[in-house]
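Architecture and fold: a report
Each chain is listed here by its residues.
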Amino acid sequence: EAGVTQFPSHSVIEKGQTVTLRCDPISGHDNLYWYRRVMGKEIKFLLHFVKESKQDESGMPNNRFLAERTGGTYSTLKVQPAELEDSGVYFCASSPLGVGSTEAFFGQGTRLTVV
Amino acid sequence: KQEVTQIPAALSVPEGENLVLNCSFTDSAIYNLQWFRQDPGKGLTSLLLIQSSQREQTSGRLNASLDKSSGRSTLYIAASQPGDSATYLCAVCGSNDYKLSFGAGTTVTVRA
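Computed from a prediction, not measured in an experiment: that's the story for all the values here.

1. Describing the interface of chain A and chain B
Many structure descriptions define interface size as the accessible area lost when the parts assemble. Listed per partner, the contact involves 19 residues of chain A and 20 residues of chain B. Of the roughly 1600 Å² buried between chain A and chain B, counting both surfaces, carbon and sulfur atoms make up 54%. Here chain A and chain B share 1 salt bridge between them. A salt bridge links B:K99 to A:D56, with the shortest nitrogen-to-oxygen separation between them at 3.4 Å. Our count for the chain A to chain B interface comes out at 7 residue pairs in polar contact (both at pLDDT 80 or more).

2. Focus: unusual backbone geometry
Omega for the peptide link from A:F7 to A:P8 comes to -15°, which places this bond in the cis form. For the bond from B:I7 to B:P8, the omega torsion is -5°, close enough to zero to count as cis. Relative to the assigned elements, B:P8 resides in the loop between β1 (4-7) and β2 (10-14). Not every positive phi belongs to a glycine, and A:K51 is a case in point at roughly 55°. Looking at the element boundaries, A:K51 is found in the loop between β5 (43-50) and β6 (53-56).

3. Observations concerning the packing of aromatic side chains
What describes a pair of aromatic rings is the distance from one ring centre to the other and the angle between the planes of the rings. Taken as a whole and assessed by the stated rule, the structure comprises 9 aromatic pairs over all chains. Seen in terms of ring centroids, B:F36 and B:F102 are 5.8 Å apart; in terms of plane orientation they differ by 35°. Their pairing is tilted. Of this pair, B:F36 sits in strand β4 (residues 30-38) while B:F102 sits in strand β10 (residues 100-102), and the two are 66 residues apart along the sequence. B:F102 shares its class with B:F36; the two are buried. An aromatic cluster is present here, built from A:Y33, A:Y35, A:F45, A:F91, A:F106, B:F36 and B:F102 joined pairwise through their rings.

4. So, the pairing of strand β9 (residues 88-95) of chain A
Residue and element names in this part refer to chain A. With 8 of its 8 residues buried, β9 lies for the most part within the structure. Examined bridge by bridge, strand β4 (residues 31-37) and β9 share 7 bridges and lie antiparallel to one another. Bridge pairing in β9 links N31 to S95. In terms of strand pairing, β9 meets strand β11 (residues 110-114) through 3 bridges, oriented antiparallel. Within β11, the position partnered with V89 by the bridge is R111.

5. Side note on the sheet that holds β1(B)
Residues and elements named next belong to chain B. One open sheet accounts for 5 strands, arranged β1-β3-β8-β7-β6; its pairing is antiparallel. Two strands bound the open sheet, and with one partner strand each, they are β1 and β6 (56-59). Averaged over all adjacent pairs, the angle separating strand axes in this sheet is 15°, with direction ignored. In this sheet, strand β8 (residues 72-77) lies alongside strand β7 (residues 62-67) in antiparallel orientation, the contact comprising 6 bridges. The residue bridging L66 from the neighbouring strand is S73, located in β8.

The rules we used
- Residues numbered from 1 in each chain as written.
- Chains lettered and ligands numbered in written order.
- Predicted model: local features only at pLDDT ≥ 70, side-chain atom pairs only at ≥ 80, totals over all residues.
- Heavy atoms only, no water.
- Contact = heavy atoms within 4.5 Å.
- Buried area = accessible area lost by both parts, 1.4 Å probe.
- Salt bridge = Lys/Arg side-chain N within 4 Å of Asp/Glu carboxyl O.
- Polar contact = N/O pair within 3.5 Å; in protein donor to acceptor, adjacent residues only side chain to side chain.
- Helix = DSSP H or I, 4+ residues; strand = E, 2+ residues; numbered from the N terminus.
- Phe/Tyr/Trp six-rings, centres within 6.5 Å; stacked < 30°, edge-to-face > 60°.
- Buried < 20%, exposed > 50% of the residue type's maximum accessible area, 1.4 Å probe, protein only.
- Pairing = 2+ DSSP bridges.
- Axes fitted to C-alpha atoms, helices over the stretch in contact; angles between N-to-C directions.

Below is the structure:
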C-alpha cells in the first residue's frame, strides 16, 4: 500500500511567485493535515481536512496560503505570492480516523525555498 | 497552548549503549503521544504511539513510557546501533483539537 506522497520534493522559487504543493494521502484516509517546519523551529500545524471540508485552519499563517482538497482525495497548498519567510519544509499527514485514535502517517515533505 | 520540550537536543553514544530520550509537555489534556524518527532529508516515520490511557508501548528494541499527570514521556532504545542515528521527534495530540504539537527533536549519533 502506498504511503502519503508529496509533490514536488523540492521547489525553489523567487519572491512574489506562486507555488502549489500537492499531497496524496493514504487511500481511504478521511483526515488530512498540513504541517510546516521553518528553519530552526518546531514542526507546526497548518490545517486539517476531514474529507473535503476544512475542519481547522487556525494554523494558516495568512491569506497568502490557500488549501483545497478536491473530492476528499488529494490536497493542494498554494502560496501566492510567496515571501522569503515561507521557506521551510511542508509536511502532509493522513489518518483514517481522528488523529486522536490512530497514528498519523506523514509524507516525505516538500522543501520550499523562496529566494 | 501546548508546549513540548525535548531534552537533550543532541546525543552521541558508542554503539551498544542504551539511549534515553526525554519529552515533556505542559498540557496534560492529551489524546495520545507519538514518537517519530526523521532521517536527513526524509519524512517522518512513526515509531510508537501511546494512548493517553496507556503507561508504555514497546516495539522491538524501542520502549516508550508515558506519565500523563506529570507531562512526561521517555523513549528508550536498547543496544543502540549506527543505524539508529537520526532525529527523534515527540508529538502530543491534544484531546480537544486533535492537532499534533511537536518538540524540536533530539538528534542522535551512534558511533561505530
